[in-house]
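Geometric and topological summary
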Amino acid sequence: DTAVSQTPKYLVTQMGNDKSIKCEQNLGHDTMYWYKQDSKKFLKIMFSYNNKELIINETVPNRFSPKSPDKAHLNLHINSLELGDSAVYFCASSQHTGELFFGEGSRLTVL
Amino acid sequence: GQQLNQSPQSMFIQEGEDVSMNCTSSSIFNTWLWYKQDPGEGPVLLIALYKAGELTSNGRLTAQFGITRKDSFLNISASIPSDVGIYFCAGQKSSGAGSYQLTFGKGTKLSVIP
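In short, a report on the structure. (Residues numbered from 1 in each chain as written. Chains lettered and ligands numbered in written order. Predicted model: local features only at pLDDT ≥ 70, side-chain atom pairs only at ≥ 80, totals over all residues. Heavy atoms only, no water.)

**Observations concerning the overall build of chain A**
Inclusion rule: Going along the chain from the N terminus, every DSSP run of H or I of four or more residues is numbered as a helix, and every run of E of two or more is numbered as a strand. Buried residues are those whose accessible area, probed at 1.4 Å on protein chains only, stays under 20% of the maximum for their type, while exposed residues exceed 50% and partly exposed ones sit between those limits. We call two residues contacting when some pair of their heavy atoms lies within 4.5 Å. In this tally Asp and Glu are treated as negative and Lys and Arg as positive; neither His nor the chain ends contributes. All charge positions are set by atom: Lys at NZ, Arg at CZ, Asp at CG, Glu at CD.
Tallying secondary structure elements over chain A gives zero helices and 11 strands in all. The order of helices and strands in chain A, counted from the N terminus, is β-β-β-β-β-β-β-β-β-β-β. Taking the principal axes of the C-alpha coordinates as reference, chain A spans close to 40 × 25 × 25 Å. Out of the 111 residues in chain A, the part that is buried amounts to 44%. Considering only contacts within chain A whose residues lie at least 6 apart along the sequence, 52% involve residues at least 24 apart. One way to put it: in chain A the 12 positive side-chain charges average out to a point 6 Å from where the 12 negative ones average out.

So, in structure tokens, the structure goes:
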């Protein structure tokens, strides 16, 4: 069983489109995150939710909107996609420690 | 924002050699963690360090939490081909409310020559 699962794994779309990435964790963790990994492999936090409440909201364009319907799910919706949004987006979860469990990533390519 | 300086950026070593990489920061962290990322996968936690001066091993991996709380190193002994990947250090401070914000280093890309 996959602990943190993201869908889709690959996403290719045109500039200006709106797309969503879904994430689910079956670890029973209270906290979930979205990270962005750029082409140079740099990992940067975007958002963090604890028990459905937004905790961390880094400097991210407001075209990015996370939604957490329950503590096992954290989805990421992106409006008006731009070329610079192309990256790998990782979902992660943690419980009571800084030990994060990452999903396999969703590679977004904007043409 | 905070930055972690991770070095070296990349390494090419012969199978069987030992490897050492480190991270330094201008900020103090409560926790240091080391992750490995294989191609097409997400980072996987290797070792977590919670106390200044702590030295922890996980098989052929050994990591230490610097006494100043501003640095950490990771050693891999007797490298094997499956050690290939990108190794990331991460420093953590609690953001409160159960959320833990990690600051990642830029990674060390390890290549092992059989």
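**Re the state of the cysteines**
Residue and element names in this part refer to chain A. Keep this limit in mind: By definition, disulfides here are pairs of cysteine sulfur atoms that lie within 2.5 Å.
The final tally for this structure, using the stated rule, is two disulfides over all chains. Here Cys23 engages in a disulfide with Cys91; their sulfurs sit 1.9 Å apart. Its torsion about the S-S bond being -80°, the disulfide of Cys23 and Cys91 is classed as left-handed. Here Cys91 lies in strand β9 (residues 87-94) and Cys23 lies in strand β3 (residues 19-25), a separation of 68 residues in the sequence. Overall, Cys23 belongs to the buried group, its relative accessible area being 2%.

**So, the interface of chain B and chain A**
Basically, it comes down to this: Once two parts are brought into contact, the accessible area they lose, counted with a 1.4 Å probe and summed over both, makes up the buried area. Between Lys or Arg on one side and Asp or Glu on the other, a salt bridge is scored when a side-chain nitrogen of the former is within 4 Å of a carboxyl oxygen of the latter. As used in this structure description, the phrase polar contact means that two N or O atoms lie within 3.5 Å; if the pair is within protein, one of them must be able to donate a hydrogen and the other to accept it, and residues adjacent in sequence are counted only when both atoms belong to side chains.
Listed per partner, the contact involves 24 residues of chain B and 24 residues of chain A. Where chain B abuts chain A, roughly 1800 Å² becomes buried across the two surfaces, and 56% of that area is made up of carbon and sulfur atoms. Where chain B meets chain A, there are zero salt bridges. Joining chain B to chain A, the criterion identifies four residue pairs in polar contact (both at pLDDT 80 or more). Listed by contribution, the elements that provide at least two residues to the side of chain B that touches chain A are β4 (31-37), β5 (44-49), β9 (85-94) and β10 (100-104) of chain B.

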